[in-house]
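Residues per chain, in single letters:
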Amino acid sequence: MYINVMLNRVPTPIDRGVFEALFEQSVVRSYAPVTKALDSGSISFKDLVKHARIAQIPYPLFFAPRDVVDEQLKLKRRKLLQGFSAKSEFSINSRHHVDIAQVELLVKNLQFKQDWMRKDKALGQNPIVGMLKKSTAPIPDDAAKLMAAVNLDPLELRGTKNKSDALNLLVEKLEAKNVLVAQSVQDLMPQQLPKGKIFSGMTVKDKKVPFIFIASGDEGEHFEPIGRRIFTLTLMAVLVARGRFATVTYNGHTAEEKSNREYELTAEVLMPEGDFRRVDLSDLDAIRAASDVFKVTPSAVVMRAQRLKLLTHDEAETHLNELKQAFERLENTPRNRMLPMNALKKFNGQECSRRMLALHSSGAISTSEFCRVMFSNRYRTGQAIIDYRANL
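Residues numbered from 1 in each chain as written. Predicted model: local features only at pLDDT ≥ 70, side-chain atom pairs only at ≥ 80, totals over all residues. Heavy atoms only, no water.

Colleague: Is there a simple way to explain helix α12 (residues 298-307) in this structure?
Modeller: Counted residue by residue, α12 has ten buried out of ten residues, so it is predominantly covered. Of all the residues in α12, the buried ones are P298, S299, A300, V301, V302, M303, R304, A305, Q306 and R307. For α12, the elements touching its buried residues are α8 (225-241), β8 (247-250), α9 (261-270), α10 (273-276), α11 (284-294) and α13 (313-329). Immediately downstream of α12, the backbone of K309 shows phi near 65 degrees, a positive value. (Buried < 20%, exposed > 50% of the residue type's maximum accessible area, 1.4 Å probe, protein only. Helix = DSSP H or I, 4+ residues; strand = E, 2+ residues; numbered from the N terminus. Contact = heavy atoms within 4.5 Å.)

Written out as structure tokens, the structure is:
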């Protein structure tokens, strides 16, 4: 199977598999000339070169033998995985598998940002990365140590007005320690999240500016995205502290007897055992009230209660099923689409945006490079950067 590259009306056949493999994980994979070439079996040389340049692929590679291309893709993949732990997936209560290739463009984008931000000579070793990697201390001790490291008082999150404020506070605390947080948005990311799978986010390794990326609740699930994102963000902060960098799938509404240290640490940070044991868990209304106090989902309260033997497995299953049915009955109201600059700020993160704008102001990064890294070339002008700065 071939695709003809047309130059002066003369066709030059290239391997269709090479064309697909090179463009598959790129920002131009859905661009009209690329999809049209796959349908028609033909593309102009001009379009091929243009889209290869946008995708940062040397265009002669399209004319190379398949084994050469496969080797280049293997090298690229190996470099990409340098930012991840040996086991590049972390899963809790979820059978969903999210391969790095499914979020490769997001990983690369975050790594590009890390590369630029590391140019700041004032940045030192991040104190959070790996701080609990070899710890065998009691769970409450490690939870207290992590909270002290991010300057978060145990009662601060619970003292916020609502879960949205709690999430914002948690992001601020992490970014103040250079643990950067990016959140998914529709349409303006270099790559959309894998459809039909639970994908909570990922932690991307860096000694100075590690990144946490979290899904923002636009993935078609009804399980109270704010409370779930608070738990997920805390879980991934724990992973950074444990020196684990991986894609993360977290099913927040399935009872399971077994647990792991990362999950227990997260639960202890958000729902300390000493305080949690005094909570009323007599019925679903009480459980929902507790979830508002601890700024998590009602499902998280149920699972914490089960693991502390405050609810039996059967009681927990009954509550989780009732919560699932209640959420499924909720009307899935379409969200208003965010303004582009607001969406980009959410995806890039406040602290990353501040640092990258400072680099641009100093002349360390060009306008074109800034637009590539921060806007995925959706906007390519100096005026766009001025608008972005004003919005920040």
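Colleague: Before we go on, may I ask you to explain the pairing of strand β1 (residues 2-7) in this structure?
Modeller: One face of the sheet, then the other: side chains in a regular strand alternate in exactly this way. Sheet analysis places β1 next to strand β2 (residues 10-15), joined by six bridges and oriented antiparallel. Bridge assignment links Y2 to a residue of β2, and that residue is D15. Adjacent in sequence and paired antiparallel, β1 and β2 are bridged by two residues, among which N8 carries a positive phi angle near 55 degrees. Where β1 lies against strand β3 (residues 42-44), three bridges are found, and the strand directions are parallel. Each bridged residue has a counterpart across the sheet, and for N4 the counterpart in β3 is S42. (Pairing = 2+ DSSP bridges.)

Colleague: How should I be thinking about a positive patch on the surface in this particular structure?
Modeller: Residues K133, K134, K205 and K207 make up a contiguous surface patch of positive charge. Along the chain, K207 turns up in the loop between β6 (201-204) and β7 (211-214). (Patch = residues over 30% accessible without salt bridge, like charges linked within 9 Å, V, L, I, M, F, W, Y side chains within 5 Å. Areas by Shrake-Rupley, 256 points an atom, 1.4 Å probe, with all protein chains shown as cover. Salt bridge = Lys/Arg side-chain N within 4 Å of Asp/Glu carboxyl O. Lys, Arg positive; Asp, Glu negative; His and termini not counted. Charge placed at Lys NZ, Arg CZ, Asp CG, Glu CD.)

Colleague: Looking at this model, I keep getting lost on the environment of L239. Mind explaining?
Modeller: Among the structural elements, L239 can be located in helix α8. The class of L239 is buried, set by a relative accessible area of 0%. Put simply, L239 and T203 are 36 residues apart on the chain and 7.6 Å apart in space, counted from C-alpha to C-alpha.

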